[in-house]
Structures are given as C-alpha cells and as structure tokens.
Amino acid sequence: MSYSFPILTNAEILACLSELDVPLSEVELTKPGYEIARPMYESITVLLCGVSREEMQTPAFNAIASLGDFPELHEESLANLAFVRNLVKLLEASGVSDFSLKDIYKPDYTRLRRNLSAIINFAKFREEKLATYVELQEEAEATLEKKAALDAKAAELRAEIARIRASHQAEASQTAEVLEAAENLRTQVADAQKNRETLEAANETARNSIAALADKTNVAKDELSRHEARKAFLQDSVVTSPDKLTREISDLENAIERERTSVGELDKTLRNLNHKGDLYAKASREIGKCVKLMEEAESEIGKHKEVSHSVKAVQAKLGENEEEVFKLTAAANHMKRQESALSERLTRLGKQGNLKKESAASALNEAKADLASVESDVGMSASKLEEYEAHVRKTTSMIRELQASHEAEASKILEQYHQLRQQVKDYNASLIGSFASGDNALTA
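Residues numbered from 1 in each chain as written. Predicted model: local features only at pLDDT ≥ 70, side-chain atom pairs only at ≥ 80, totals over all residues. Heavy atoms only, no water.

A. Layout of the overall build of the protein chain. Scanning the protein chain for helices and strands turns up 11 helices and 0 strands. Helices (α) and strands (β) of the protein chain occur, in sequence order from the N terminus, as α-α-α-α-α-α-α-α-α-α-α. The buried share among the 444 residues of the protein chain stands at 28%. For the protein chain, long-range pairs separated by at least 24 residues make up 80% of all intrachain contacts whose partners lie at least 6 apart in sequence. When the accessible area of the protein chain is evaluated, it comes to approximately 29000 Å², of which 54% is carbon and sulfur surface. (Helix = DSSP H or I, 4+ residues; strand = E, 2+ residues; numbered from the N terminus. Buried < 20%, exposed > 50% of the residue type's maximum accessible area, 1.4 Å probe, protein only. Contact = heavy atoms within 4.5 Å. Areas by Shrake-Rupley, 256 points an atom, 1.4 Å probe, with all protein chains shown as cover.)

Put into structure tokens, the structure is as follows:
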C-alpha cells in the first residue's frame, strides 16, 4: 500500500524521535505495548499539537455539568478523549486516516512504524515552513500594534461621525425652517420689488404733480395778489355805485376764497405725497434688509452642503479603514500562529544544543579519565599513549566543531531575526506613511 509519506527505517525513526526528545529504543519499537505507545503518542501530541498534558487532563466545566450525578467517574475518560481527539487530528494532518484506539491499547510494529513515519514526515515539513511562519509572526506583532492604532483612530472617526450626524439632525429642522423662510423671503422680495417699482413710478408721478401743483399755487397766489391790488386800486380810484362796488368786492372775495381753498387742497395733496414718499423710502429700506437676509440664508445653505459632503467623505474613508483593519487582523492571526511554531523550534534547538554540549562534555570527561588512566599506567607503551592522546585531541576537536556549529546556527538564526525585524520596520514605516496620508486627506 502506498502513502503520501515515506516509510522510514527503524534507525531513522529512532534518530528523529531522539531529536524530538521522545525516548524510544529499538526493542520497544519492534515489540510495542500500551505502556510504550501511550506515553510516546502523548509526548508527540504535546510537542506537535501545541497543547500541554494539563490542558488535556483538565475537563471542561460545562461538560462536567452534563455528566449526571457522578461526574468524577468520567474524569479519566474525558482526559483520554481529549488526548485521542488531538492525536487523531495530528495523524489525519500527517496523512493517516485509519487510526484507532487499537493502535494505542494493542499496537503492532507495522502500524506503529507507519504512524511514526507519517508523524516524522509532518514534523519535518512543519520545521521547513517555520522560517516563513516566524517572518510573518513578527510582521503580525507590528500589524497588531498598527491595528490597535487603527481601531483607536476608527473609534475616533466613528465618534466624530456620530457627533456630526447628531449635529446634522439637530440642524436639519432649522435648515428646513431657514429654507422655507428663505423661499418666503424670495417671494416677499419679488413682490416688494414689484411694489417698489410701482411706488417709484407713482412717486415720480406724484413729484411731477407736486411740481405742477406748486406752479399752479404760485400762479394762483400771484393772481390773488394781483386781484387784491386791483381791488385796492379800484377802491381808491374808482367811484361807482355802492351796489356795483359791493358786487365786485364780493366777486373778488369769492375768487380769493376759491384760490385759498385751491391752495389748501394743493398743500394737503403735497403733504399726502410727502407721506407716501416717506413710506416708499421705508419700504425700500425693508427690501434691502430682506435682500441681505436672503444672502445670509444662501450662505448658510452653502455651508450646510459643504458639511454634508465632508460627512460623506469621512464615512467613505471609515469604510476603507475598516476593510484594511479586517485584512490586518487576518494577517495578524496568521503571524501569531507562526510565532508559536518559531518558539517551539527555538526551544527544541536550545534543548538539542544543550544535549550536544552535555554529550561533548561527557566525551571530554571520559577522554580525560582515559588519559589519567593512561598516565597512571606507567607500563603502557608510548604508542598506546599517543593513541589515547590522539583520541583526546579528536574528541576535543569534535567538541569545538559542535560548539562552532551551534554558534553558527545561533548566529544565523539571529541574523535572520534581525533581517526580518528590519523588514517589518520598513513595512511598518510604509504602512504608517500610507495611513498618515489617508489621515491628512481626511483632515483636509
């Protein structure tokens, strides 16, 4: 039967498990049992699934409440169920879909070798992708910080929009009243303009009439003066019959009275026309005030339209910011998962380095002990002594190589870390620049 992963040899399996800090001997691999398979699978699950033994052994409180009157009877079964669920998930991700409880309680060599080969293949693939995960995780941390800043900015924008909307709603009724008043003022101004034109025409006619009446009044006054002068002359120079003189005097007096009446009427008409002129001037001033109010109302309407456009622009920008925040959140979650894998790898590398150092130190101690034994044995031949010294030098060289390899690997990891950190800083700088430009656009 073919699988999506290679079936490893016993030596390869034992070497890989040793790197994963999972103790297993070749005898235990070829002749497995429950007491071997259970702790081995549990160690692998803890290492690769990211859950601790305590988490698997701690049941959920809401699940305990649904187990009846004696939930303590199910504590062990709940822990086993959590362990098996995580192990099945791991094996399915590794390419094994027929795992069962028999592989734990009654394991056999063939299936155990296949399962371990699948898990080791998955672990290697996971380690290969860890560098990319680490890079994205570091970017995620910066992205999360940026997201927090964007969330704060979005909250400020929402509050500002809410304030503008509340102000807009409060001013909506006033705006409607202003618009209605403006329309009424337009109508009144149009009517007043027509009345003004009519009044100006009538005023001009009245002025002409006043001038004509003034001329007539002057003529009448001159005529009256002339008649009075004539009356006086006639009275002094002409002697006529008393009746005729009386009639002439009466006629003159009647003519004078008529002229006086006409002058009084003309004065009254002149006063009426002057009063109308004052009313026309007052109406003109009121019309000027109405025109000024119309101009102010149109200015307020223009400001209201500008505020409405600003609110729409802010709402559009807020939608763009929310979409960007959603994308950054998804990237941040992905990078957080990569950070966990990197932490595990660094921990494992540290453990492996410590193990190599301990192994080298042990070899060195053994070599020193052998050297001391050789030196104490004065009867040993010179060739044997040189052989031991060569062995000590070789062991010391191996130790130095291991240390150099470990330091080189650590330096490489640190260099990659600094490179990734610089890339994240550059990315953050560009991101902050883009958001700053967006904020400037909003402010403008």
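B. Here's a closer look at a negative patch on the surface. There is a patch of like negative charges on the surface, built from Glu171, Glu295, Glu296 and Glu300. When residues in the negative patch are grouped by element, the largest group, 3 residues, is from helix 10 (residues 242-376). Here glutamate 171 shows up in helix 9 (residues 130-237). (Patch = residues over 30% accessible without salt bridge, like charges linked within 9 Å, V, L, I, M, F, W, Y side chains within 5 Å. Salt bridge = Lys/Arg side-chain N within 4 Å of Asp/Glu carboxyl O. Lys, Arg positive; Asp, Glu negative; His and termini not counted. Charge placed at Lys NZ, Arg CZ, Asp CG, Glu CD.)

C. Region of interest: helix 8 (residues 109-128). An ideal rise of 1.5 Å per residue puts 28 Å on 20 residues; helix 8 measures up with 28 Å between its terminal C-alpha atoms. Within helix 8, burial applies to Leu112, Arg114, Asn115, Leu116, Ser117, Ala118, Ile119, Ile120, Phe122, Ala123 and Arg126. The opening residue of helix 8 is aspartate 108, an N-cap whose side-chain oxygen sits 3.2 Å from the backbone nitrogen of threonine 110. (Expected span 1.5 Å × (residues − 1). Polar contact = N/O pair within 3.5 Å; in protein donor to acceptor, adjacent residues only side chain to side chain.)

D. Local environment of helix 1 (residues 10-19). Among all positions of helix 1, only Asn10, Ile13, Leu14, Cys16 and Leu17 are buried. One face of helix 1 carries all of its buried residues, which in axial projection span an arc of 165°. Turning to helix 1, the residues buried within the fold contact helix 2 (26-30), helix 3 (34-49) and helix 8. A positive phi of about 60° marks aspartate 21, the residue just after helix 1. (Arc of directions from axis to C-beta.)

E. Region of the structure containing unusual backbone geometry. With a phi angle near 60°, aspartate 21 is a residue other than glycine that sits in the positive phi range. Relative to the helices and strands, aspartate 21 resides in the loop between helix 1 and helix 2. Owing to a relative accessible area of 33%, aspartate 21 belongs among the partly exposed residues under this scheme.

F. View of the packing of aromatic side chains. Scanning the model with the defined rule gives 2 aromatic pairs in all. Between the aromatic rings of tyrosine 34 and tyrosine 105, the centroid separation amounts to 4.9 Å while the plane-to-plane angle is 10°, which identifies the pairing as stacked. Placement of the pair is tyrosine 34 in helix 3 and tyrosine 105 in helix 7 (residues 102-105), with a sequence separation of 71 residues. On the basis of relative accessibility, which here comes to 33%, the residue tyrosine 34 falls in the partly exposed class. (Phe/Tyr/Trp six-rings, centres within 6.5 Å; stacked < 30°, edge-to-face > 60°.)

G. Local environment of the packing of helix 1 against helix 8. Where helix 1 contacts helix 8, the axes come no closer than 10 Å and their chain directions differ by 50°. In terms of orientation, helix 1 and helix 8 fall into the oblique class. Where helix 1 crosses over helix 8, the handedness of that crossing is left-handed. Residue-level contacts link Asn10, Ile13, Cys16 and Leu17 of helix 1 to Tyr109, Arg113, Leu116, Ser117, Ile120 and Lys124 of helix 8. A per-class count over the contact of helix 1 with helix 8 returns 6 nonpolar, 2 polar and 2 charged. (Axes fitted to C-alpha atoms, helices over the stretch in contact; angles between N-to-C directions. Parallel < 35°, antiparallel > 145°, perpendicular 65-115°, else oblique. Left-handed = near helix turned anticlockwise from the far one by under 90°. Nonpolar A, V, L, I, M, F, W, Y, C, P; charged D, E, K, R; others polar.)

Remember, this is a structural readout, not a statement about activity or role.
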